[in-house]
Amino acid sequence: MTYRRAAIPALVGGVLLTALLWWAGASANALHLQGATDALGGRLVADLQYWLSPWSYDPPDALRFGTGVLGEIGEPGGADASRYLALHETAMQIRFAAVFAFFVPGALLLVRRLPPVNRRAVGTLLAVWAWGMVAGMLAATVSAPWLIASNGRGSYRILPQLASMTSSGHQITVVASLVAASAVVLTARITAKGADPLPLKDVPARAARTAASAGTAVVALSLVVLSYESVAASLQTVSLPGRLLSEPGELLRTWLLLGGWSAPADGSLGHWLVYRLADVALLAVVWWALRLLPVLLTRATVPATAVGGVCATVLGLLVNQLFQFAVIGTDSSMRWGWRYLTGALGSGVPAALTCGLLAGLVTAVTLRPAARRAGAGDTPAPAPAAPSAG
């Protein structure tokens, strides 16, 4: 698909995603009303506030009421609250502009190299959905310094605060990104009418499996090795000289660890194995997606494969979280299962970006020599059986 045909759905999706997140953030103010608590219940209102507050223009109470933050950190509301309020508003403007700026190029690349035609529609929907979550995370990251400064804590544990804000607001991004991805696919199917045929690629099956295995090994390194409790604890306790950059451990864990696990502590091996099945599901999704990626892409370029690796890892994380939610729902009450899903859904995207990017690059680098070694006599990888017609 040409850039001109792909640009329209990418822009539509970017505008819709930004508008949905803005609307969600604006709706957070209504949750403070007594009528919302009476209608929805205090627990659900608290959950929704947790989801929506990272995207709300409504400043924290310390800034809104001029009370500030007591102690050595400083009191932003005491001396000149208006400047801190303006800084908070600037941070939110940067956040929403960054969502659009990060989503559009990625969606443009995906729609161009993964057009929703010839049984690619489901793959395009899932990839753009995952990229929307990445765009939301990157927007939260680049706007975090302004938010940290607006709270009057610009020099206090800056890296742990950055890690916390990078991981915030992911739950509502999952929902908004799915809606935006649906709009992108529908618009792209319209703009693709009359374009040149875009058949599925014939890739040797052995080469596709080899490349997918190499890329999945990168994800497994984070999920199995780095996420083990002793290794994760070592990362958490990393320290550097200086003041601002002295505590990078939390930030390293945010960007490198896809999970967290330990050996069975209660002696119940079966219970431990059930939870490890979620990690197996993550790796299976990543491997299958990377195996089909060279078949689905109109041209398996390095940028397209790298972005595809990121999307595959994000989707694997979602499957992992939903699987754990199902397990918790059977082991405990549904109330606890809902609380777990509220906090976990969409988390881990920073690490998925790091590991998925490396996995996609390894897949692209491995695919070409593996395809040459496979030769013309190897059996092509089967085309995906997507339910959508193209």
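Each residue is numbered by its place in its chain's sequence as written, counting from 1. Per-residue local features of the predicted model are confined to residues with pLDDT of at least 70, and side-chain atom pairs are confined, for both listing and counting, to 80 or more; whole-chain, interface and lining totals are unaffected and use all residues. Side-chain figures throughout are based on the complete set of non-hydrogen atoms in the structure, without hydrogens or water.

### Considering the overall build of the protein
Part 1 of the argument: Each helix and strand counted, the protein has 16 helices and zero strands in total.
Part 2 of the argument: Exposed residues in this analysis have more than 50% of their type's maximum accessible area, buried residues have under 20%, and partly exposed residues fall in between, with area computed by a 1.4 Å probe over protein chains only. Within the protein, the fraction of its 390 residues that count as buried is 48%.
Part 3 of the argument: Once local pairs closer than 6 in sequence are excluded, the contacts in the protein between residues at least 24 apart make up 83%.
Part 4 of the argument: Using the Shrake-Rupley algorithm and a 1.4 Å probe, accessible areas are obtained, with residue cover drawn only from the displayed protein chains. For the protein, the accessible surface area stands at approximately 17,800 Å², while carbon and sulfur atoms represent 66% of it. Strands here mean DSSP runs of E at least two residues long; helices mean DSSP runs of H or I at least four residues long; both are numbered from the N terminus. Any two residues whose heavy atoms approach within 4.5 Å are treated as being in contact.

### Some words on a nonpolar patch on the surface
Part 1 of the argument: Where nonpolar side chains cluster on the molecular surface, the patch consists of Val-238, Leu-240, Leu-244 and Leu-245 and spans about 330 Å² of accessible area.
Part 2 of the argument: Looking at where Leu-240 falls in the secondary structure, it is placed in the loop between helix H11 (229-236) and helix H12 (249-256).
Part 3 of the argument: The class of Leu-240 is partly exposed, set by a relative accessible area of 44%. In this analysis, a patch consists of residues with relative accessible area above 30% that form no salt bridge, clustered at 9 Å for like charges and at 5 Å for the nonpolar side chains Val, Leu, Ile, Met, Phe, Trp and Tyr. The term salt bridge refers to a side-chain nitrogen of Lys or Arg lying within 4 Å of a carboxyl oxygen of Asp or Glu.

### Describing the nonpolar core
Part 1 of the argument: The biggest cluster of nonpolar side chains holds 91 residues, and the ones touching the most others in it are Leu-21, Phe-103, Trp-131, Val-134 and Leu-258.
Part 2 of the argument: The leading source of residues in this core is helix H7 (residues 121-150), at 14 residues. As used here, the term nonpolar core means buried Ala, Val, Leu, Ile, Met, Phe, Trp, Tyr and Cys residues forming a set that is joined through side-chain atoms within 4.5 Å.

### Some words on the UniProt feature "transmembrane region" (unreviewed entry) in the protein
Part 1 of the argument: UniProt positions are given in the numbering used here, feature names are shortened, and annotations may be inferred rather than shown by experiment. Per the UniProt annotation, the sites labelled "transmembrane region" (unreviewed entry) are residues 92-111, 123-148, 168-186, 207-228, 272-290, 302-323 and 343-367.
Part 2 of the argument: Counted over residues 92-111, helix gives 100% and strand 0%. Its end C-alpha atoms are 28 Å apart.
Part 3 of the argument: Secondary structure content for residues 302-323 is 100% helix and 0% strand, while the C-alpha to C-alpha distance between its ends is 31 Å.

### Observations concerning the side chain of Arg-113
Part 1 of the argument: Within the secondary structure, Arg-113 is located in helix H6 (residues 81-113).
Part 2 of the argument: Since its relative accessible area comes to 14%, Arg-113 is described here as buried.
Part 3 of the argument: Filtering out sequence-adjacent residues up to four positions away, Arg-113 remains in contact with Leu-296, Leu-297, Thr-298, Arg-299, Thr-301 and Ala-304.

### Let's talk about the packing of H6 against H7
Each pair of packed helices gets described by two things: the angle between the helix axes and the distance between those axes.
Part 1 of the argument: The axes used here are C-alpha line fits, helices contributing only the stretch in contact, and every angle between their N-to-C directions lies in the interval 0 to 180 degrees. Interhelical geometry of H6 versus H7 gives an angle of 155 degrees and a closest axis separation of 7 Å. Between H6 and H7, the crossing angle belongs to the class labelled roughly antiparallel. Note on packing geometry: the crossing formed by H6 with H7 is right-handed.
Part 2 of the argument: Split into classes, the residues belonging to the contact of H6 with H7 amount to 22 nonpolar, seven polar and one charged. Comment on the angle field: the value is read as roughly parallel under 35 degrees, roughly antiparallel over 145, roughly perpendicular from 65 to 115, and oblique elsewhere. Crossing handedness is defined as follows: a turn of the near helix away from the far one that is anticlockwise and smaller than a right angle gives a left-handed crossing, while the clockwise case is right-handed. We call Asp, Glu, Lys and Arg charged. Ala, Val, Leu, Ile, Met, Phe, Trp, Tyr, Cys and Pro are nonpolar, and the rest, Gly among them, are polar.

### Thoughts on the packing of aromatic side chains
Part 1 of the argument: Under the pairing criterion, centres of Phe, Tyr and Trp rings, with the six-membered ring standing for Trp, must be within 6.5 Å; the plane angle then separates stacked pairs below 30 degrees from edge-to-face pairs above 60, leaving the rest tilted. Tallied over the full model, the rule gives five aromatic pairs.
Part 2 of the argument: Residues Trp-287 and Trp-288 carry aromatic rings whose centres are separated by 6.3 Å and whose planes lie at 35 degrees to one another, so their mutual orientation is tilted.
Part 3 of the argument: By relative accessible area, which is 25% here, Trp-287 ends up partly exposed.
Part 4 of the argument: In this structure an aromatic cluster arises from ring pairing among Trp-55, Tyr-57 and Phe-96.
Part 5 of the argument: For the cation-ring pair, Arg-95 lies above Trp-55, with the distance from its terminal atom to the ring centre recorded as 5.5 Å. The criterion is that NZ of a Lys, or CZ of an Arg, lies within 6 Å of the ring centre and within 35 degrees of the ring normal, and then a charge sits over that ring.

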